[in-house]
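# Residue-level structural notes
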Amino acid sequence: MPRRHAEHHLIGRIGWLRAAVLGANDGIISTASLMMGVAAATTSSGQIVTAGLAGLVAGAMSMAAGEYVSVSSQSDTENADLARERQELKTDRDGETAELKRIYIDRGLEPGLAQQVAEQLMAKDAIGAHARDELGISEISTARPIQAALTSAATFAAGAILPLLAAVFAPQRFVMWAIFGTALIVLAVLGAVGATTGGAGIVKPTLRVAFWGALAMAITAGAGALFGHAV
Ligand SMILES: [Zn+2]
């Protein structure tokens, strides 16, 4: 397989993996911290697990809702741009051909060749050429709100389920250590995976995510201990 083709695919995969790791990190840190807060206020495993489950579902739904809304507005913008482009192609085809030509000249083509390429691409698929080369909308970048919403909810839930299972199976007196330890280990592994796929060294990113995870859990446990006994 030619090298250029493999790189192109790898880049697409890196972007997707990074989003998945971030979603899972979110799930782990927010659900584990929530359970740590409850665990600091009560010794009932049932309440800790219920809070974790509610946190998982609420977090996944909130991620899905946020992603759906933001990607939908991106999709709305793309569709409005494409509709405007179609209109311009109908009313000013020569101007649109000249516009493409200018884009190709800016990219380094000779004017004569740029004219040829612009004419041929306009003839083959005018809106496709403008979408890709003028608006930067390609097959890969097209906004897919439902896919994005489902992916982020799934990655959040996949992250959150691990500390939740630790709370389910840990003996009551070790439940906080089980949540804390599981969350830190999984965060460190994801940090290393994220760093490796991005081609960066793994130590710093791993320590970074573990530090913030530990801090979030400790502060929430402190809040739970403080307010738990007050109410
Ligand atoms: Zn155009």
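One can find the structure itself at the top, above this paragraph.
The residue numbering used here restarts from 1 in each chain and proceeds along that chain's sequence as written. Only residues with pLDDT of at least 70 get local features here, since the model is predicted, and only at 80 or more are side-chain atom pairs given and counted; chain-wide, interface and lining totals rely on the full set of residues. Calculation of side-chain values draws on the structure's entire complement of heavy atoms; hydrogens and water are dropped beforehand.

## Thoughts on the overall build of the protein
Put simply, DSSP marks the helices as runs of H or I at least four residues long and the strands as runs of E at least two long, and each gets a number from the N terminus on. The number of helices and strands found in the protein is 7 helices and 0 strands. Computed over C-alpha atoms, the radius of gyration of the protein comes to 25 Å, more than 25% over the 17 Å expected from 2.2 N^0.38 for 231 residues, which places it beyond the range of a compact globule. Overall size of the protein, expressed as C-alpha extent along the three principal axes, is 75 × 35 × 25 Å. Within the protein, the proportion of its 231 residues that are buried is 35%. Residues are treated as being in contact if the distance between any of their heavy atoms lies within 4.5 Å. Once local pairs closer than 6 in sequence are excluded, the contacts in the protein between residues at least 24 apart make up 73%. In this description, accessible areas are obtained by the Shrake-Rupley approach with a 1.4 Å probe, and a residue is regarded as covered only by the protein chains that are shown. Just so you have it, the protein exposes about 13,500 Å², and 67% of that area is on carbon and sulfur atoms. Only four residue types enter the tally: Lys and Arg on the positive side, Asp and Glu on the negative side, with His and both chain ends excluded. For the purpose of locating charges, the reference atoms are NZ of Lys, CZ of Arg, CG of Asp and CD of Glu. Both charge centroids of the protein, one from 17 positive and one from 19 negative side chains, sit 10 Å from each other. Here the globule rule reads 2.2 Å times residues to the power 0.38, and the radius of gyration is calculated from C-alpha atoms. Each residue gets one of three labels from its accessible area relative to the maximum for its type: buried under 20%, exposed over 50%, partly exposed in between, using a 1.4 Å probe on protein chains only.

## Re the coordination of the zinc ion
Sodium, potassium and calcium take a 3.2 Å donor cutoff, other metals 2.8 Å, and in both cases only N, O and S atoms count; water is not among them, so sites may look incomplete. Protein coordination at the zinc ion: the donors are Glu85 (OE), Glu96 (OE), Glu99 (OE), His130 (ND1) and Glu134 (OE), at 1.8 to 2.4 Å from the metal. Here the donor residues of the zinc ion share one chain and are spaced in sequence as E-x10-E-x2-E-x30-H-x3-E. Within this pair, whereas Glu96 is found in helix H3 (residues 93-106), its partner Glu134 is found in helix H4 (residues 111-135), the two being separated by 38 residues in sequence. Given the relative accessible area of 5%, Glu96 is considered buried.

## Quick look at the packing of helix H2 (residues 45-91) against H3
Only the contacting stretch of a helix is used when fitting its axis, a line to C-alpha atoms as for every element, and angles between N-to-C directions run 0 to 180 degrees. Look at H2 against H3: their axes get within 5 Å of each other, and the N-to-C directions meet at 115 degrees. Within the contact between the two elements, H2 uses Glu85, Glu88, Leu89 and Thr91 and H3 uses Arg93, Glu96 and Glu99. Of the residues contributing to the contact of H2 with H3, the split by class is 1 nonpolar, 1 polar and 5 charged. Each residue gets one of three labels, nonpolar for Ala, Val, Leu, Ile, Met, Phe, Trp, Tyr, Cys and Pro, charged for Asp, Glu, Lys and Arg, and polar for the others, Gly among them.

## A look at the pattern of salt bridges
Any carboxyl oxygen of Asp or Glu that lies within 4 Å of a side-chain nitrogen of Lys or Arg is treated as forming a salt bridge with it. The tally for this structure, following the rule as stated, stands at 3 salt bridges. Linking Arg84 and Asp81 is a salt bridge whose minimum nitrogen-to-oxygen distance equals 3.1 Å. Of this pair, Arg84 and Asp81 both sit in helix H2, 3 residues apart, which is roughly one turn of the helix. In this structure Arg84 comes out as partly exposed when scored by relative accessible area, which is 48%. Taking relative accessible area as the criterion, Asp81 reaches 23% and is therefore assigned partly exposed. One salt bridge connects Arg107 with Asp133, and the closest N-O pair in it is separated by 3.2 Å.

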